[in-house]
Amino acid sequence: MTGVQTCALPISVFAHWWDYGYWLQSIGERATVLDGGNAIGYWNHFMGRHVLTGTDERTALEFLYAHNTTHLLIDSTEIGKYTAYSSIGSDENYDRLSWISSFAMDETQTQETSSETVYVYVGGTNVDEDILWEEDGKEVLLPQGGAGIGGFLVKKSGEDFLQPIAIFVYQGKQYSIPLRFLYVNGALIDFNSGLHAGIFLYPKIKEISGGMNINPIGAAFYLSKRTIDSRLAQLYLFSQKSDYFQLVHTEENLVIENLKQQGVNIGDFVEYRGFQGPIKIWEISYPLDIQLNEDYLVTTYPLELRTTSLDKQN
C-alpha cells in the first residue's frame, strides 16, 4: 500500500467551489485555491472535474497538491450546484454534465403485504447519458435528452431493504430497471447487479398543525452513473473513508441545529424547507510518491476548451 504523508505546510489552504472564496478569505482568514471573484476560470474547471465530480482519487490529489492544499470544504448547496460545476468541469463534449434530482415518498401509495412493504417515490428527471438495458432478450436504448425517470420503488422485507427499482419512461412506455446501489440508514448497500446508479434516502419533515411529521426515509436523491461515484457523493453524502481525506470538522446549518434544539431526532441531512445539510471539512494528506504536476498551475484554457469555457462560466 502506498505510504501517506501528513500535510505540514505553514498555512491552511482550502479547496472548495469558487463561490466560497471571499467567505473563507475574509471571515475564515484562510488562503483558498479558488477565488470568490472567479479570477482563474481554468482552475474552476480542474476543481469541478477532478475534485468534485471526479472518480480518480490520485488525480484529485495531484491537483490539490499543486496548490499546496491542506483542506477540502463541501457545503450542502453543492447538491443544487452540481449542474454548474459538472458543466464547467466537462470537456468539449460535456462528459461530466449531470445533476442530482430529488424525489419524495408518496405515502398514499405505500403498499403492505404479509412479507414486505413497498414505498413509492415520485418526481421527475431526465437521464444525463444514453442508457442501454436488456429487457426480454432485447436491447433497449434510453437516450440522453429523450428518456426520463418518473419515480422509484423501494421494498423492505422485515428490517432489510431490497434492491430499488427505477421507473424509466421513453416514448410513452415504462421500463422498470433495478438499481445497483441504495443508501439508507447511514449505509451504502451494493446489490452487485442492476444499472450502475442508485438512490440516497434521507429524512423529510412535514409541518402539520401543532407539530411536525418526520419520515426518516421520506426524501430521495437519484444518483446516476455520473454522480454516484463522484467525490461529492462518496465523501459528502456517503461519508466514505479515505486514506487521504480525513473528516476533521462538521458544522450543522442553522435549520438543522434549530430542529435538534427542539428535540427533533435527525442525522446530518433532512428535507425541510429545502435540502438541509452541514458544512464538512476534510484535512488532506498525500501519497509519499506524489509529484508536482505543473499543468495544474496553468491559468488559461487550452484551445480545445476555449470555445465553450466562457459559456460554462456564465
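Residues numbered from 1 in each chain as written. Predicted model: local features only at pLDDT ≥ 70, side-chain atom pairs only at ≥ 80, totals over all residues. Heavy atoms only, no water.

1. Comments concerning the overall build of the chain
At step 1: When helices and strands are counted, the chain shows eight helices and 20 strands.
At step 2: Taken over C-alpha atoms, the radius of gyration comes to 21 Å for the chain, in line with the 20 Å a tight globule of 314 residues would show.
At step 3: Counting the 314 residues in the chain, one finds 48% classified as buried.
At step 4: Expressed as a percentage of contacts within the chain between residues at least 6 apart in sequence, the contacts between residues at least 24 apart total 61%.
At step 5: Accessible surface, the chain: about 15300 Å² in total, of which carbon and sulfur atoms supply 46%.
At step 6: Within the chain, the 39 negative side-chain charges are centred at a point lying 2 Å from the centre of the 21 positive side-chain charges. (Helix = DSSP H or I, 4+ residues; strand = E, 2+ residues; numbered from the N terminus. Rg over C-alpha atoms; globule rule 2.2 N^0.38 Å. Buried < 20%, exposed > 50% of the residue type's maximum accessible area, 1.4 Å probe, protein only. Contact = heavy atoms within 4.5 Å. Areas by Shrake-Rupley, 256 points an atom, 1.4 Å probe, with all protein chains shown as cover. Lys, Arg positive; Asp, Glu negative; His and termini not counted. Charge placed at Lys NZ, Arg CZ, Asp CG, Glu CD.)

2. Some details on the packing of helix α2 (residues 41-52) against helix α3 (residues 57-66)
In a packed pair of helices, the relevant descriptors are the angle between the two axes and the axis-to-axis distance.
At step 1: One way to put it is that α2 packs onto α3 with a least axis distance of 9 Å and a crossing angle of 150 degrees. Judged by the inter-axis angle, α2 sits roughly antiparallel to α3. Of the two elements, α2 crosses α3, and the hand of that crossing is left-handed. Touching Trp43, Phe46, Met47, His50 and Val51 of α2 are Thr59, Ala60, Phe63 and Leu64, all from α3.
At step 2: When grouped by side-chain class, the residues that make up the contact of α2 with α3 number seven nonpolar, two polar and no charged. (Axes fitted to C-alpha atoms, helices over the stretch in contact; angles between N-to-C directions. Parallel < 35°, antiparallel > 145°, perpendicular 65-115°, else oblique. Left-handed = near helix turned anticlockwise from the far one by under 90°. Nonpolar A, V, L, I, M, F, W, Y, C, P; charged D, E, K, R; others polar.)

3. What to know about the layout of surface pockets
At step 1: Estimated volume of the largest pocket: approximately 190 Å³.
At step 2: Lining of the largest pocket is provided by 13 residues; of these, Asn185, Gly186, Leu201, Tyr202 and Pro203 occupy positions nearest its centre.
At step 3: Listed by contribution, the elements that provide at least two residues to the lining of the largest pocket are β13 (173-184), β15 (195-208) and β16 (211-223).
At step 4: Looking at the lining of the largest pocket, the element that brings in the most residues is β15, giving four residues. (1 Å grid on protein atoms, 1.4 Å probe; cavity = no way out; pocket = protein on both sides within 12 Å on 5 of 7 lines; lining within 4 Å. Points joined across faces, edges and corners; volume = space filled by probe spheres on them.)

4. Focus: the side chain of Ser285
At step 1: Mapped onto the elements, Ser285 comes out in strand β20 (residues 279-287).
At step 2: At a separation of 3.3 Å, a polar atom in the side chain of Ser285 contacts the main-chain carbonyl oxygen of Asp243. (Polar contact = N/O pair within 3.5 Å; in protein donor to acceptor, adjacent residues only side chain to side chain.)

5. Focus on the pairing of strand β9 (residues 138-142)
At step 1: Relative to β9, strand β8 (residues 131-135) is paired through five bridges, and the arrangement is antiparallel. In the sheet register, Glu134 faces β9, and the bridge partner there is Glu139. (Pairing = 2+ DSSP bridges.)

6. Re the nonpolar core
At step 1: Core analysis: the largest hydrophobic core is formed by 48 residues, its most contacted members being Met47, Leu72, Phe200, Leu237 and Phe245.
At step 2: Tallying contributions element by element places α2 first for this core, with six residues.
At step 3: When near neighbours in sequence (up to four residues on either side) are disregarded, Leu237 contacts Ile79, Tyr183, Phe200, Leu223, Leu232 and Phe269.
At step 4: Trp133, Ala166, Leu179 and Leu201 belong to the second-largest nonpolar core, a separate cluster that totals 28 residues. (Core = buried A, V, L, I, M, F, W, Y, C linked by side-chain atoms within 4.5 Å.)

7. Quick notes on α3
At step 1: Looking at α3, one finds that the buried residues are Thr59, Ala60, Leu61, Phe63, Leu64 and Ala66.
At step 2: On its buried face, α3 sits against β2 (13-15), α2, α6 (231-237), β17 (245-251) and β20.

8. Focus: the confidence of the model for the chain
At step 1: Counting all residues, the mean pLDDT for the chain is 90, and 91% of those residues have values of 70 or more.
At step 2: A low-confidence stretch, residues 1-10 stays under pLDDT 50, and its non-local contacts, those more than four residues away or across chains, total 26 contacts. (pLDDT = per-residue confidence, 0-100.)

9. Points about unusual backbone geometry
At step 1: At Asn68, a position not held by glycine, the phi torsion is positive, near 55 degrees.
At step 2: Following the sequence through the fold, Asn68 ends up in the loop between α3 and β4 (71-74).
At step 3: Its identity is not glycine, yet Arg273 carries a phi of approximately 55 degrees, on the positive side.
At step 4: Along the chain, Arg273 falls in the loop between β18 (270-271) and β19 (275-276).

10. What about the pattern of salt bridges?
At step 1: Enumeration according to the criterion identifies 10 salt bridges in this entry.
At step 2: In this structure, Glu207 and Arg273 form a salt bridge, with 2.9 Å as the shortest nitrogen-oxygen distance. With Glu207 in strand β15 and Arg273 in the loop between β18 and β19, the pair connects residues that are 66 residues apart, well separated along the chain.
At step 3: A relative accessible area of 64% places Arg273 in the exposed class. (Salt bridge = Lys/Arg side-chain N within 4 Å of Asp/Glu carboxyl O.)

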